[in-house]
Amino acid sequence: MARTTKPSPLRVLIAKPGLDGHDRGAKVVARALRDAGFEVIYAGLRQTPEEIVRAALEEDVDLIGLSILSGAHMALFPKVLALLKKERASSIPVFAGGIIPDEDARRLKKAGIRAIFGPGTSLEEIVTTAQRLARSAA
Amino acid sequence: MTRARPLPPAARAIVSGDRRALARVISQVENREPSAASVARALYPRTGKKPVIGVTGPLGVGKSSVINRLVARLRDLDRTVGVVAVDPSSPYSGGSVLGDRIRFERRVDDAGVFFRSMASRGEVGGIAAATREVTRLLDAAGFDVILVETVGSGQVDLAVRDVATTSVVVLVPHLGDEVQTLKAGLFEIADVFCVNKADLPGADVARRDLAELVGLGGARSGWRPRIVATSTTQPSGIEELWSAIEAHEEFLDRTGARRADERRRVSAEIVELVRERVGRELTRRLEREPELRRWVDRAVERTLDPHTVADRLARALGSR
């Protein structure tokens, strides 16, 4: 079965926890990751932390990207990390994007979110970081 | 025999219901890792008894939504379900956006469902090269019913019939006049037609055209395709859809067609595997062996023709 010399595509789950309906940013990032060769599993809006973790495990992703604009990140992100830990899947890196104040971002990074992108971040930076994080896990 | 041998650990984990192990081995199969081949081999004798329902049809007809409703129906009937949903890979970057999960709703703690998205990775025909192997893993993992959603299909994307025991072709009203239904291809592989978005005007016409087509008599094995109208927004017709699928599965058992179909599928798979292997070997030798290189050069220079070179190569490879 072994044949390809090309590396296998990296898989990333892009999900929006929380109740806001603003998924433009998540879609733009999904598309940029697709163009960089990722297989992007797009889970869509209003995903609970439980749904996100279940999808990540079923899809066997190398990376999880969370997008949020509702302000509930301090409740929802740590919940995702805790559930991953409970499933012994903490090796899957999690990055995030959205409106996240600096102080919150510092605390979330300490809690284990590997990268946080605010408004105005270039897609190039997001893609490069995503590649680095996913490869470290894959 | 394979069955008597103890299973490798990953295979044992899959059989015992470990979903993480299942998810990991699916990735390994997709990535053609050698470790996955031994797991697939060990599990093969345990597979082939489950209904594999292929859901295909053009872009945007509602395949994902139909599957979502079918899964809910099956869970009501207390049947467990494994789903593989295939979306296209980009021919440019190799990447893809797999969006079939968006339509998928279920209780998050329901262990009776497993959903996996899959990129086509360069394969045409509507499914990925690894799809068949993944349906077998889901089979070995114990799911009662396996659902395969193809890439939005064109008229000749028919590979679903190489994996499915029952093929459901999903259509919507106003896809074209009744001549479309006479054409070869997609309309020929349907065991069940699902006219989705049946709440839209024109559904009756679509049904009637299909009924006429079906009434003309099928070429295939005495099964007359069923036609079911469904809607997924205010769900209707989903019970009838499942009944039609089950009727086809019962037909397969009653008539012995299941074994004949499976024989056709397995035989095609073996041919495909040999073709792949021989092709690889041939490509390698054509690059390396001076004499074979010369034959190709001569075909380029028009002093030999490709058919003659092919005859010689076939002899050189020891076949005729």
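Each chain has its residues counted from 1, following the order in which its sequence is written. Both sets of labels track the order of writing: A upward for chains, 1 upward for ligands. Per-residue local features of the predicted model are confined to residues with pLDDT of at least 70, and side-chain atom pairs are confined, for both listing and counting, to 80 or more; whole-chain, interface and lining totals are unaffected and use all residues. Side-chain numbers here rest on the full set of heavy atoms in the structure, without hydrogens or water.

(A) Looking closely at the packing of helix 2 (residues 19-30) of chain B against helix 5 (residues 131-140) of chain B. All names here are of chain B. Helix axes are fitted only over the stretch in contact, all axes being lines through C-alpha atoms; the angle between N-to-C directions runs from 0 to 180 degrees. The helix count covers DSSP runs of H or I at least four residues long, the strand count covers runs of E at least two residues long, and both are numbered beginning at the N terminus. Closest axis-to-axis distance for the helix 2/helix 5 pair is 10 Å, and the angle between their directions is 160°. Here helix 2 is positioned roughly antiparallel relative to helix 5, judged by the angle of their axes. In this structure, helix 2 crosses over helix 5, and the sense of that crossing is right-handed. Contact residues: L22, V25, I26 and V29 in helix 2; E133, V134, L137 and L138 in helix 5. Under the scheme applied here, ten amino acids are nonpolar (Ala, Val, Leu, Ile, Met, Phe, Trp, Tyr, Cys and Pro), four are charged (Asp, Glu, Lys and Arg), and all others, including Gly, are polar. Its residues placed into classes, the contact of helix 2 with helix 5 shows 7 nonpolar, no polar and 1 charged. Here the angle decides the label: under 35 degrees means roughly parallel, over 145 means roughly antiparallel, 65 to 115 means roughly perpendicular, and every other value means oblique. Take the far helix as the reference: if the near one is turned anticlockwise from it by less than a right angle, the crossing is left-handed, and if turned clockwise, right-handed. Whether two residues are in contact is decided by their heavy atoms, any of which lying within 4.5 Å being enough.

(B) View of the confidence of the model for chain B. In predicted models, pLDDT denotes the confidence assigned by the predictor to each residue on a 0 to 100 scale. Averaged over all residues, the pLDDT of chain B is 90; the fraction at 70 or higher stands at 95%. Note on the complex model: pTM 0.90, ipTM 0.91.

(C) Highlighting the pattern of salt bridges. Salt bridges are defined as contacts in which a side-chain nitrogen from Lys or Arg sits within 4 Å of a carboxyl oxygen from Asp or Glu. Counted according to the given criterion, the structure contains 30 salt bridges over all chains. Notably, a salt bridge pairs E58(A) with R54(A), separated by 3.1 Å at the nearest N-O pair. On the criterion of helical spacing, the pair formed by E58(A) and R54(A) is a turn pair, its members being 4 residues apart in helix 2 (residues 49-58). Between E59(A) and R116(B) there is a salt bridge, and its shortest N-O distance comes to 3.9 Å.

(D) Here's a closer look at the packing of helix 3 (residues 73-86) of chain A against helix 4 (residues 102-111) of chain A. Residues and elements named next belong to chain A. Interaxial distance between helix 3 and helix 4 falls to 10 Å at its minimum, and their mutual angle equals 10°. Of the possible angle classes, the one that applies to helix 3 and helix 4 is roughly parallel. Residues H73, M74, F77, P78 and L81 of helix 3 pack against D104, R107, L108 and A111 of helix 4. Residues of the contact of helix 3 with helix 4, tallied by class, amount to 6 nonpolar, 1 polar and 2 charged.

(E) Region of interest: the domain arrangement of chain B. Residue and element names in this part refer to chain B. In this entry, domain limits derive from an automatic or database-based domain assignment. By domain assignment, chain B separates into domain 1 (1-46), domain 2 (48-255) and domain 3 (264-318). Computed over C-alpha atoms only, the centres of domain 1 and domain 2 are separated by 26 Å. Facing the 16 residues of domain 1 at the interface are 17 residues of domain 2. Of the roughly 1500 Å² buried where domain 1 meets domain 2, counting both sides, 63% is carbon and sulfur surface. Among the residues domain 1 hides against domain 2, the three largest losses belong to R19, I26 and E30. Together they make up 38% of the total. Across the salt bridge formed by R116 and E30, the nearest N and O atoms sit 3.4 Å from each other. Here a polar contact means two N or O atoms within 3.5 Å. Within protein one must be a hydrogen donor candidate and the other an acceptor candidate, and residues neighboring in sequence count only if both atoms are side-chain atoms. There are 6 residue pairs in polar contact (both at pLDDT 80 or more) connecting domain 1 and domain 2. At the level of secondary structure, the elements contributing two or more residues to the side of domain 1 that touches domain 2 comprise helix 1 (9-15), helix 2 and helix 3 (34-43). It is helix 2 that provides the largest number of residues to the side of domain 1 that touches domain 2, a total of 8 residues. For the side of domain 1 that touches domain 2, the residue count by class is 10 nonpolar, 2 polar and 4 charged. A 1.4 Å probe defines the accessible area here, and the buried area is the portion of it lost by two parts on being joined, summed over both.

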